[in-house]
Amino acid sequence: MTMTLTRRLFGALLTTAALTGAAHAAEYELKLAWLTADSPTDPYAITAHAFKKELEAAMPGRVEVQLFPNRQLGDDKEILEGLQFGTIDMGVITNAVVANLEPTYQLVDLPFLFGSAEQAHMVLDGEVGAQLAANLRDDGVVSLGAAEGGFRNMINNTRPVRTPEDVEGVKYRTMQNPVFIEMFSSLGGSPVPMAWGEVFTAMQQGTVDGLEIPTSVVNSNNYADVTKFLSFTRHTYSAIHLLMSERSLARLPEDVQQAVMDAGRAAIVTQRKTVAAAEADTVAALQEKGMEVNDIDDVAAFRAKVGPVYERFEPTIGTELLENALQAVSSN
């Protein structure tokens, strides 16, 4: 076989492969990013995979959801900015970061607002959640629903937290969000705002004494390796939002847009059940890894300390929205 014939044959094979690949490529590709590990126990990852499964099953061959975990496309702030610009299609992003863009979301992070996950679901799936989503859409980001992050708890290497006094003087990493900074200040702690990508090393080196984080994220990101105490303060319900760029959504035909919205709702239902079912196993796993686990003595003592946080952020959240949320919680 001559060299020329070989080149022609190789070129033909490449062309055939390209055409075959093109035939199997989806019409629409969506990039979905988040900052934590791609772990079967991580609530962000569970959300992403549930959405991918739902949408691709509903739109076989038409839509492919490409997953980018573990900060591959940046931290939460960078992902959220990408959604606004349309350079990233979708993200699973914690509420505190969303609240930096749309301040009415500060409502969800208010300390000790929700007594149970069921209360949080009721508020986020109801009129209050719909108003928050409408506000966020004005910022160019579409909410597909609030997934289950679980309640945030305090972990540290100084002492177990049983009373508000146990928080005093301890350096806690907080998200770069004013509600969390004010919360820990009101409890007498020393809040240290820090990006997620820096936290594990900061705990290893003792730059901070602890952080506040959902139990599932403690386990899936190996914080038991560098932290001794886990205290079930349940100070904030962690909503993690499944979001889409309005620009990306607008580029899709109407039937695909509807499929995206439907897949989002279905994924949230699946994800919440999955995270709730895994909680007991997660706690057992952390204890096996050596973490000391305890409950707080009296939630009322903590609520009394954080009252000023509500007063400070009421003007930003809006009195009517806050009152609607408080009324919904108190009636359930």
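Refer to the structure printed above.
Because the structure is a prediction, the values reported are computed rather than measured.

Student: Sorry if this is basic, but what is going on with the overall build of the chain here?
Tutor: When you go through the chain residue by residue, the secondary structure sums to 14 helices and nine strands. Relative to a compact globule of 332 residues, whose C-alpha radius of gyration would be 20 Å, the chain shows 22 Å and is just as compact. Based on the C-alpha atoms only, the size of the chain along its principal axes is roughly 85 × 45 × 30 Å. Out of the 332 residues belonging to the chain, those deemed buried represent 52%.

Student: Explain the nonpolar core here, please?
Tutor: The tendency in soluble globular proteins is for nonpolar side chains to be buried side by side. Core analysis: the biggest nonpolar cluster contains 54 residues, and Ile93, Leu107, Leu110, Phe114, Val167, Tyr237 and Leu243 have the highest contact counts within it. Not counting the four nearest positions on each side in its chain, Val167 is found in contact with Met154, Arg159, Val161, Tyr172, Phe184, Leu187, Gly188, Gly189 and Phe302. The next biggest cluster of nonpolar side chains, apart from the first, holds 48 residues, and it includes Ala48, Val92, Val217 and Leu252.

Student: Teacher, can you tell me more about the packing of aromatic side chains here?
Tutor: Any pair of aromatic rings gets described here by the distance separating the centres and the angle formed by the planes. Applying the stated criterion across every chain yields a total of six aromatic pairs. Taking the centre distance of 5.8 Å and the plane angle of 45 degrees together, the rings of Phe112 and Phe302 count as tilted. Placement of Phe112 in the loop between helix H4 (95-101) and helix H5 (117-125) and of Phe302 in helix H12 (residues 299-305) is noted, with a sequence separation of 190 residues between them. Taking relative accessible area as the criterion, Phe112 reaches 4% and is therefore assigned buried. Its relative accessible area of 0% is what places Phe302 among the buried residues. Relative to Tyr237, the ring of Phe114 lies with its centre 6.0 Å away and its plane at 80 degrees, an arrangement referred to as edge-to-face. Residue Phe114 is found in the loop between H4 and H5, and its partner Tyr237 is found in strand E8 (residues 229-245); the two are separated by 123 residues along the sequence. Owing to a relative accessible area of 6%, Phe114 belongs among the buried residues under this scheme.

Student: Where do I start with the layout of surface pockets in this structure?
Tutor: If a probe as big as a water molecule is rolled over the atoms, it shows which places are left empty. As a volume, the largest pocket reaches approximately 430 Å³. In this structure, the largest pocket is lined by 24 residues; those nearest its centre are Asp76, Lys77, Thr94, Val97 and Met175. At five residues, helix H3 (residues 76-85) tops the list of elements feeding residues into the lining of the largest pocket. Looking at side-chain class alone, the lining of the largest pocket contains 12 nonpolar, five polar and seven charged residues. Here the second largest pocket is characterised by a volume of approximately 370 Å³. Lining the second largest pocket we find 20 residues, and of these Leu124, Gly129, Ser143, Leu144 and Gly145 sit closest to its centre. Every element with two or more residues in the lining of the second largest pocket is listed here: H5, helix H6 (127-137), strand E4 (141-156) and helix H11 (254-288). Split into classes, the residues belonging to the lining of the second largest pocket amount to 11 nonpolar, five polar and four charged.

Student: I'm lost on the pairing of strand E3 (residues 90-94) in this one. Help?
Tutor: Along a regular strand, successive side chains alternate from one face of the sheet to the other. The element E3 is largely enclosed, with a buried count of five among its five residues. Neither face of E3 is left uncovered, since the one carrying Met90, Val92 and Thr94 and the one carrying Gly91 and Ile93 both have all their residues buried. Direction of pairing for strand E1 (residues 28-33) relative to E3: parallel, over a ladder of two bridges. Its bridge partner lying in E3, Ala33 is registered against Gly91. Across five bridges, the pairing between E3 and E8 is antiparallel. Across the sheet, residue Gly91 finds its bridge partner in E8, namely Leu243.

Student: Explain helix H7 (residues 178-186) to me, please; I cannot follow it from the model alone.
Tutor: Of the positions making up H7, those classed as buried are Val179, Phe180, Met183 and Phe184. Burial along H7 is one-sided: seen end-on, the buried residues are contained in an arc of 125 degrees. Two to three positions downstream of the cap, the backbone nitrogen of Val179 sits 2.9 Å from a side-chain oxygen, assigning the N-cap of H7 to Asn177. Positive backbone phi, approximately 90 degrees, marks Gly188, located one or two places after H7.

Student: Quick question: what am I supposed to make of unusual backbone geometry here?
Tutor: With glycine set apart, most residues show a phi of negative sign, and most peptide bonds adopt trans. Unusually for a residue other than glycine, Asn222 sits at a positive phi of about 65 degrees. Mapped onto the elements of the fold, Asn222 is located in the loop between helix H9 (215-220) and E8. Residue Arg234 is not a glycine yet carries a positive backbone phi of 45 degrees. Along the chain, Arg234 turns up in strand E8. With a relative accessible area of 37%, Arg234 lands in the partly exposed category.

Student: How do you make sense of the side chain of Thr215 when you look at a structure like this?
Tutor: The topology assignment puts Thr215 in helix H9. With relative accessibility at 6%, the residue Thr215 sits in the buried group. When residues no more than four places from it in sequence are discounted, the contact partners of Thr215 are Phe151, Asn153, Leu230, Phe232, Thr282, Val283 and Leu286.

Student: Just checking my understanding: could you explain the packing of H7 against helix H13 (residues 307-317) for this structure?
Tutor: Running from amino to carboxyl end, H7 crosses H13 at an angle of 155 degrees, the nearest separation of the two axes being 9 Å. With respect to their mutual orientation, H7 and H13 come out roughly antiparallel. Considering how the two elements wind past one another, H7 and H13 form a crossing that is right-handed. Residues Pro178, Val179, Glu182, Met183 and Ser186 of H7 lie in contact with H13, whose contacting residues are Val309, Arg312 and Phe313.

How each quantity is defined
- Residues numbered from 1 in each chain as written.
- Predicted model: local features only at pLDDT ≥ 70, side-chain atom pairs only at ≥ 80, totals over all residues.
- Heavy atoms only, no water.
- Helix = DSSP H or I, 4+ residues; strand = E, 2+ residues; numbered from the N terminus.
- Rg over C-alpha atoms; globule rule 2.2 N^0.38 Å.
- Buried < 20%, exposed > 50% of the residue type's maximum accessible area, 1.4 Å probe, protein only.
- Core = buried A, V, L, I, M, F, W, Y, C linked by side-chain atoms within 4.5 Å.
- Contact = heavy atoms within 4.5 Å.
- Phe/Tyr/Trp six-rings, centres within 6.5 Å; stacked < 30°, edge-to-face > 60°.
- 1 Å grid on protein atoms, 1.4 Å probe; cavity = no way out; pocket = protein on both sides within 12 Å on 5 of 7 lines; lining within 4 Å.
- Points joined across faces, edges and corners; volume = space filled by probe spheres on them.
- Nonpolar A, V, L, I, M, F, W, Y, C, P; charged D, E, K, R; others polar.
- Pairing = 2+ DSSP bridges.
- Arc of directions from axis to C-beta.
- Polar contact = N/O pair within 3.5 Å; in protein donor to acceptor, adjacent residues only side chain to side chain.
- Axes fitted to C-alpha atoms, helices over the stretch in contact; angles between N-to-C directions.
- Parallel < 35°, antiparallel > 145°, perpendicular 65-115°, else oblique.
- Left-handed = near helix turned anticlockwise from the far one by under 90°.

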